[in-house]
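Understanding the architecture of this molecule
Take a look at the letters that make up each chain.
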Amino acid sequence: MAGAEISNQIRRLRFESEEMTQQGLADRVDCTRQTIIALEKSRYVPSLALAFRIARVFELPLEEVFSYHDR
Amino acid sequence: MTQSQMRAVYTLVIWGLVAGGFAALFFGNGGPDTFGADKGRIVSAAILIGAGFIAYFAMMYLTRSHPGGARVIADERDDSIARRANGGTLIVVLVVVYLACIGLWEAYREVGCVPVGWMWFLGYAAVMLAYLTHAAATLLLNHGMGDHGRG
């Protein structure tokens with residue numbers, strides 16, 4: 001259920017970053033394309049390290065990429 | 001398809017074939033009651049299992065890199081799936097072995113002893129079941145976390 005509590009803006013941010021591909025983002029943050037797919041569909045909650053790497057790629061603070069919702 | 005998914009599919013094929021062959025050897029030609037005294041079937045089963053291990057480790061070696069050339073072939077999500085698959089596999093194997101023992105006890109309670117061939121079956125089946133369950137769990141967890149719908 002943890003996956004449903006954390007949402008992210010990765011998909012939108014990719015398209016705003018010159019339509020960066022999922023594989024392109026995956027290569028830049030050292031994960032697989034399948035993990036990016038899972039993240040975009042909120043099926044997987046990343047580790048803090050991966051979350052920070054993703055935020056760094058978009059040059060945004062963590063909370064502008066990921067958000068936590070109380071249930 | 002990630003490396004772990006690809007390996008899981010190959011594992012299902014390899015150990016599925018071995019399990020099918022072993023079941024035919026064990027339950028055919030006289031069945032469990034004569035397996036323990038039939039050296040031909042025991043040796044055939046050992047060769048089959050050995051071939052299964054050789055095929056499995058060859059597959060692991062041949063799939064050590066991603067055919068698509070992706071730079072990262074496994075990441076933290078794969079580790080998470082592997083950990084959950086390990087836990088699930090342990091539970092499944094324990095439950096199945098427990099149920100098999102109880103079943104044998106019930107089946108042979110009146111006779112007072114269990115044909116020794118069943119010990120071969122329990123040993124080999126536990127190994128095959130562990131590989132098959134782990135592979136199936138890996139695919140199911142990937143399905144649930146991946147791009148194939150909600151799991």
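The structure displayed is predicted, hence computed values, not measured ones.

Here the focus is the overall build of chain B. Within chain B, the secondary structure is distributed over five helices and zero strands. Going from the N terminus to the C terminus, chain B shows its helices and strands as α-α-α-α-α. When its C-alpha atoms are laid out on the principal axes, chain B stretches across 60 × 30 × 20 Å. Scored against the burial criterion, the 151 residues of chain B give a buried share of 34%. Taking all contacts inside chain B whose residues are at least 6 apart in sequence as the whole, residues at least 24 apart take part in 76%. Here chain B displays about 8300 Å² of accessible surface, and carbon together with sulfur accounts for 70% of that area. Across chain B, the centroid of the 10 positively charged side chains sits 6 Å from that of the 9 negatively charged ones.

This paragraph deals with the interface of chain A and chain B. At the junction of the two partners, chain A supplies 16 residues and chain B supplies 18 residues. Both sides of the chain A and chain B interface together cover about 1400 Å² of buried area, and 46% of this is carbon and sulfur. By the criterion of area lost to chain B, the three top residues of chain A are Gln34, Arg43 and Tyr44 of chain A, representing 43% of everything that side buries. Summed over the shared surface of chain A and chain B, the number is zero salt bridges.

Glancing now at the nonpolar core. Membership of the largest hydrophobic core comes to 24 residues, with the highest contact counts inside it found for Ile10, Leu25, Val29, Ile54 and Phe58 of chain A. Put simply, the parts of the chain that give this core at least two residues each are helix H2 (10–16), helix H3 (22–29), helix H4 (33–40) and helix H5 (48–57) of chain A together with helix H4 (76–108) and helix H5 (117–145) of chain B. Among the elements that make up this core, the one with the highest residue count is H5 of chain A (five residues). Setting aside anything within four residues of it in sequence, one finds isoleucine 54 of chain A in contact with Ile10, Val29, Leu39, Val65 and Phe66 of chain A. Core analysis: the second largest hydrophobic core is formed by 19 residues, Ile49, Phe121, Tyr124 and Met128 of chain B among them.

Further remarks concern helix H1 (residues 3–27) of chain B. When the terminal C-alpha atoms of H1 of chain B are compared, their 35 Å separation across 25 residues agrees well with the 36 Å that a helix rising 1.5 Å per residue should span. The complete set of buried residues in H1 of chain B reads Gln3, Gln5, Met6, Arg7, Ala8, Thr11, Ile14, Trp15, Val18, Phe22, Leu25 and Phe26 of chain B. Residues of H1 of chain B that are buried in the fold lie against H4 of chain A together with helix H2 (32–35), helix H3 (39–62) and H5 of chain B. Just downstream of H1 of chain B, asparagine 29 of chain B is the residue with a positive phi angle, here 50°.

With that settled, the discussion passes to the environment of valine 116 of chain B. Residues and elements named next belong to chain B. Among the secondary structure elements, valine 116 is positioned in the loop between H4 and H5. Look at valine 116 and you get exposed, because its relative accessible area is 52%. Spatially, the C-alpha atoms of valine 116 and phenylalanine 35 are 7.9 Å apart, while their sequence positions differ by 81 residues.

Any two side chains of opposite charge can pair, given that their charged atoms come close. What the rule picks out here adds up to five salt bridges over all chains. Two residues, arginine 11 of chain A and glutamate 40 of chain A, come together in a salt bridge whose shortest N-O distance is 3.4 Å. One end of the pair, arginine 11 of chain A, is in helix H2; the other, glutamate 40 of chain A, is in helix H4, and 29 residues separate them in sequence. With a relative accessible area of 47%, arginine 11 of chain A lands in the partly exposed category. Here glutamate 40 of chain A falls in the buried class, since its relative accessible area comes to 16%. Salt-bridge contacts for arginine 41 of chain B lead to aspartate 38 of chain B; the nearest nitrogen and oxygen are separated by 3.7 Å.

Parameters and conventions
- Residues numbered from 1 in each chain as written.
- Chains lettered and ligands numbered in written order.
- Predicted model: local features only at pLDDT ≥ 70, side-chain atom pairs only at ≥ 80, totals over all residues.
- Heavy atoms only, no water.
- Helix = DSSP H or I, 4+ residues; strand = E, 2+ residues; numbered from the N terminus.
- Buried < 20%, exposed > 50% of the residue type's maximum accessible area, 1.4 Å probe, protein only.
- Contact = heavy atoms within 4.5 Å.
- Areas by Shrake-Rupley, 256 points an atom, 1.4 Å probe, with all protein chains shown as cover.
- Lys, Arg positive; Asp, Glu negative; His and termini not counted.
- Charge placed at Lys NZ, Arg CZ, Asp CG, Glu CD.
- Buried area = accessible area lost by both parts, 1.4 Å probe.
- Salt bridge = Lys/Arg side-chain N within 4 Å of Asp/Glu carboxyl O.
- Core = buried A, V, L, I, M, F, W, Y, C linked by side-chain atoms within 4.5 Å.
- Expected span 1.5 Å × (residues − 1).

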